[in-house]
Structure formats: C-alpha cells, structure tokens
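Structural overview for review
The lines below spell out each chain.
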Amino acid sequence: QVTLRAGAELDARRVNQYTLILWAACPGEDEVQERLFVRVTAEPVLRCDSPFASTEGDVVQVLADVAPRTPLYAVLPQPLSGLTRFPPPSSLQFRLRNHNTPLTLTRRGLVLAPDNGFDPSKDTQKFRLEIEVMDRHGHNCSGAVRVEVLPSRRPRVTFPEPHRAVMVTESIGPWEVVTQVHARGDNVRYAILAPVTPTLFTIDEVTGEIRSTRRLEAVRAHLLVQAYNALHPDDHATATVNVTVQGRDRQAPRCVPAIFVSQVSETVSPGSTLVTLRCTDSTGTDGCLHYTLEGPPASLSRFCMEGPRLKVNSTLDYDSEAMAAAGFQLTATIVVTVGGQPLQSTRVPVLLTVTPVNEFRPTCPNSATFTVPETAAFGSIVGRVAGADRDYPQDSLEYSLEGESGPAQPFSIDRRTGEIRVLGPLDSQQQKSYRLVVRLMDTHNDLDLAKRQSCLCDVSVRLQAVPDQVSVCIPEVQELQITAGSPGSRQPVTRLLCLSSPDGAALTYTIVGGNEDGRFRLEGNTLVYLPNDRAEPRTFVLLVEAWGGSGARRRSTTVALVVHVTPWSTPVPPSTSTRHTTLQREPLVVTRTEAVWHPPAWFVAVLTIAGALLLATLGCMARNLLCR
C-alpha cells in the first residue's frame, strides 16, 4: 500500500508525475523490481479577480446623482484552475459579510445603488463591501469592493430672481397669464406651495407660467413658488411672487357664471334656453350690455343669443357624422361688451357636451332564410343575421337566441357578429327546417342602460338533404369454381370489392343466404371455404350483404356468389360401365332495384294547365305578328 507522506504538498504546475521504484523479495527467491508512475492532475479551484481579492479591494467611483438601484459593480471570478471556462453566475452564491451599508448585493453578484439614491448634499462618501463567493462544490473565494461617491457635477436648482413683484388690473380674466418665473438647473418643474386656499392662481409645472383661475378683484397675493429637479426632488429652491391687483374706474362687465360647462341630450328642441347670463357693468346695471357669439362655425350654427340667454338654434343630432367629427362637444365664447370709451368686454367660455338618447329600435334584415346541408359539421357557419340600428354607434347590437340549444334547436349564435353556427347533428328525414327566434339588443346608445331596446327576428334554417350513396360491389354476381382441399383446412375463395359512400365509412360483410351447412365464412371482405369429407361435387349459391352506417342512415347492397366445389379426391367405381351424371343446378335469381319517380296527381294537373296556358300565349303572339 502506497500512501502520501504526511505534510506533503502536491502542485501539478511544478511536478505532474512521480516515478516510484519498488522491489520485493521472498525467502529463497530472486528480487523483483518494478516502477510505479503517479500522475498529479490540477483540481478546479474557484479564484476571484485580482483587484477584488486583494487586501485593499477593488475601487469604484460614482457620482452622487446616480439613479437609484443602478448597477455599480459586478463580481466576476477568474477561470477555474486547470480549465479555460468561467463558472456561470447562476451556479455561484454571493454573500455580503458586512451589512452596515445602504448598497445592495444581488444573487448574480451585482452591487446596486441604494433604493433612494445617494444624498447629493454630502461630500465624498465611502462604502466598503466584503463579499464571499461560493460555487456548488463548496469552493469559495472572497474580496472587497470600495465605493467612493463623488459630489454631483450637475448644476443646482436656483432662482436668478428669488423675489418678484407683479402688478395687474382687474380686467384680467380667467386663465390669463399673470407672470412667469424661471429657475436654473436640470429637469426643472414648478409648484405653488402657498397659499393653499383660495386658489386664485395656478402655475404650469413645465413653463413656470402663473395664470389666474378666475376674474380677479382688487387684492394682494403672496405666492411661494418652488422649483425642483424632477429626477432628484431633494434638489429644490423657492421664490416669492407678490401679485397686486389694481382696480379701474372703467371695468369690464362681470358675468355669472364666468364659465358655462354643461351637457344636454340630443333630443333637446330648438329654441330651448341653455343658460341665462347675469352680467353687470361697473355701475351695477345691465342696460348697455351687448351679447355676441364667437367660435368655430360648426358650433355657432347650433347656438343663438337672445339677449343674455344662450339658446339652441338647431337640432343636436348625436347620430350624425358632423357631431361625431366634433367629438360630441360644442364650444363657443359669449362676448359681453359694455358701451363707452374705451370699450370693455368679458368673455364667457361655453363647453356643451351632447349625450346620446336611444331613439330607434333595432331592425331585422329583409331576408333571414339560410340553407345548410344536413351533413354540416359541428361549428359550421350557417349564416349571419345582419341587424341594423340607426343610433350611434350604428349597428352596435348584441344577438341571442330565444330558447335553449338542444335537439329541438341545434344552433348557436355569436353575441357580437350574429353568426349562426351548427351545434348538434342534423337529419333532414326527421326535420326539414328550423324556425329560430333571434333577439337583437342595442348597446351603448344611451347613458341609461335601462333604456335599451330590442326586437325579435324570425330566422328560417332549411336543411339540404344529401343523397345517400349506396354501396356498390364489383361485380354484383360472381360464379366461382374451386377444388376442395383436405378436410379441416381453411381455403380462401374470393375477396369482395365493394365501394362505400364518399365519407369513407367502413363496410360490414354478412352471409345472409345459401350457407345452411356452414361450409363458408367471412373474414372481413374475404370469403373462406371450410372443406369436409364429402366426395361428390356440389354447387353453393351464397348471398352476401355489404352494409354501412346505422339507424335511418344505413346503406346496404347484396352480392350473389355461385361457388362450384369439386372434391379433392373422387373414388373410381370398380365396374367398367360408364355412368353419366347430370347435375341439376339450382336457378339463380338476381333482383335489381331501380328508382322510379311517380309524381302525384296534383303535380300532373298543374303541369298540364301550365302547358296549355303557354301554348295559348304563343298562339296569341303569333296571331298578332301575322296581323301586323
């Protein structure tokens, strides 16, 4: 037994083979000397990358404004010792030894930035991560990563003008620009921090435009505006905007409501009043006010002003293409002007939404008769019920069948398209047509779902009979002669060739006559003779039926087989006289059925009358031509 010496270290890169000389001797015999070769192979050892596995560890420098959970470092092991491949990351386990760090280590060895990012207000920050890597065989290595967070180089958000004073007059109307603020920085957004109430002003978060939300009166407002970086909300700055609204001796009219937003049904009658404005000038009277309309021509034709009253000028048909093109919304502006110099005016925006009313009932198609072959497969399309509805959106209908599907109604209908499909077996011999009742229900035509309308349509489905293809055997009559074999044997006689219907159904063969003593049998379509020990010749007339299908759809035909059997050995009588034997054959009767159509008496009478009328018409036409 050869063992490794205690304390010995093997290194395949230095010595990969040892040669040991062994000798042995037994008493009274010669010595025997042999050599033993010991080969040393390199064992795969997991090793980490040099910078990572060093004492100081690898160094990564990032900016403080890096996005949260951004990958900062990837732990990559070296190729396995003795191999040229890298171990896949999925086969390694990464464990963080120290947990006093906001950084995250994933299962695939990625070091991610904190979930909330780094604090950009601090100076250079340093974090150290001690990581251990282990493979599935238990080999491991470890190292460290130092992450240095440098101050961000992006510009801070600042207001060049942190204080601003703005003065406007009372004539400024709703949604007009009062002033605009501007801040420096990246991805700047704006917001008004104070006052929260009343909300007299609003600011565009992108452009910084400050607008009024209503008609302003003489007032002083102090706005606290904040600008911030959209990607780093902690980077922000504030500014103060003082807004002073001055009164004027001559002011524009004041109207209630200042904005008119409403909705009205499409059935509102022309001449109906939509809104009555209550406007007054600076003197508190309304005697010198003039009302006019402005806006798109398509909307102006729908409205008219009668003093301070806004009225409907024409029908608001929701189902028209013009209303659909306008998005079912009409816009206009009522301009209220007061006399004097200079002219002062007030604008009242109008936004009117037209709502649908379910005015029309669905209508059935003109013809709803379909024909389907009785051999139609499950799911076959019979036809489509094309209902109509004049309400917008047009022809938005749901279809359903009255009654449940079953043997009496083997059909179904698609709820959206109205397609009728076959759901069960069809048989024109049992039922030649079906009467279906289809319910048409309109959808999305009224805000009130309780006002949906429906109608019932009669649909007729006729079954087209498919003629049965009778099985045909070629030939229908066969005369065969065989020599009987030894008793107890099995002797094939002939193979029947019969063709079934185009559906390819298999046929079944049965001997229905002429096999009284059981000397013949059928194996599929092959006729087999079973010989016995009879010595005299014999003639058999067999009737074989070939049939397929089942029930009312059964199809069959009959084949006649005349088989002359000669014994396999005939004994010779000892006398020298010649004996003539005449075998009397049984008569063979072959019956062939031909289809003959016998029309009923009423059909013959109608055909005779129609022929007489045709001859009379031709005679009159010939007489008129001869007279001319």
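Fair warning: this is a prediction, and the values are worked out from it, not measured in the lab.

Our next topic: the overall build of the protein chain. For the protein chain, the count of helices and strands is 4 helices and 41 strands. By residue count, 34% of the 628 residues in the protein chain fall in the buried class. Contacts spanning at least 24 positions in sequence make up 65% of the contacts within the protein chain whose residues lie at least 6 apart.

Next up on the list: the UniProt feature "transmembrane region" (unreviewed entry) in the protein chain. The positions that UniProt labels "transmembrane region" (unreviewed entry) are, in the present scheme, residues 601-622. As a span, residues 601-622 carries 100% helix and 0% strand, and end to end its C-alpha atoms are 32 Å apart.

Here we come to the state of the cysteines. For the coordinates displayed, the defined rule picks out 4 disulfides. Here C48 is linked by a disulfide to C141, with a sulfur-sulfur distance of 1.8 Å. Negative torsions about the S-S bond denote left-handed disulfides, and the value of about 75 degrees found for C48 with C141 makes this one right-handed. Of this pair, C48 sits in the loop between β2 (32-39) and α1 (50-53) while C141 sits in strand β9 (residues 140-150), placing them 93 residues apart in sequence. Looking at C48, the relative accessible area reads 7%, which means it is buried. Disulfide pairing places C473 opposite C498 at an S-S distance of 1.8 Å. In this structure, the disulfide formed by C473 and C498 twists by about 105 degrees around the S-S bond and is classed as right-handed. Taken together, the positions of C473 in strand β33 (residues 472-473) and C498 in strand β36 (residues 498-499) put the pair 25 residues apart, joining distant regions of the chain.

Our next topic: the environment of A465. Note that A465 resides in the loop between β32 (454-464) and β33. Separated by 36 residues in the primary sequence, A465 and Q429 place their C-alpha atoms 8.0 Å from one another. Among residues more than four places away in sequence, those in contact with A465 are E374 and S428.

Now for the sheet that holds strand β11 (residues 177-180). Hydrogen bonds between backbone atoms are what pair the strands of a sheet, whose relative direction is either parallel or antiparallel. Strand order in this open sheet of 3 strands is β11-β14-β13, and the pairing throughout is antiparallel. Across the chains shown, the open sheet's two edge strands, defined by having one partner strand only, are β11 and β13 (201-203). Pairwise comparison of adjacent strand axes, ignoring direction, gives a mean angle of 25 degrees for this sheet. Relative to strand β14 (residues 209-212), β11 is paired through 3 bridges, and the arrangement is antiparallel. Along β14, the bridge assignment pairs Q180 with E209.

We now examine the pattern of salt bridges. Enumeration over the complete set of coordinates arrives at 20 salt bridges. For E132, the salt bridge goes to R95, with nearest N and O atoms at 2.3 Å. With E132 in strand β8 (residues 125-135) and R95 in strand β5 (residues 92-96), the pair connects residues that are 37 residues apart, well separated along the chain. Overall, R95 belongs to the partly exposed group, its relative accessible area being 47%. One salt-bridge network, in which partners are shared between bridges, spans E398, R415, R416 and R452.

What counts and how
- Residues numbered from 1 in each chain as written.
- Predicted model: local features only at pLDDT ≥ 70, side-chain atom pairs only at ≥ 80, totals over all residues.
- Heavy atoms only, no water.
- Helix = DSSP H or I, 4+ residues; strand = E, 2+ residues; numbered from the N terminus.
- Buried < 20%, exposed > 50% of the residue type's maximum accessible area, 1.4 Å probe, protein only.
- Contact = heavy atoms within 4.5 Å.
- UniProt positions renumbered as here; feature names shortened; annotations may be inferred.
- Disulfide = S-S within 2.5 Å.
- Pairing = 2+ DSSP bridges.
- Axes fitted to C-alpha atoms, helices over the stretch in contact; angles between N-to-C directions.
- Salt bridge = Lys/Arg side-chain N within 4 Å of Asp/Glu carboxyl O.

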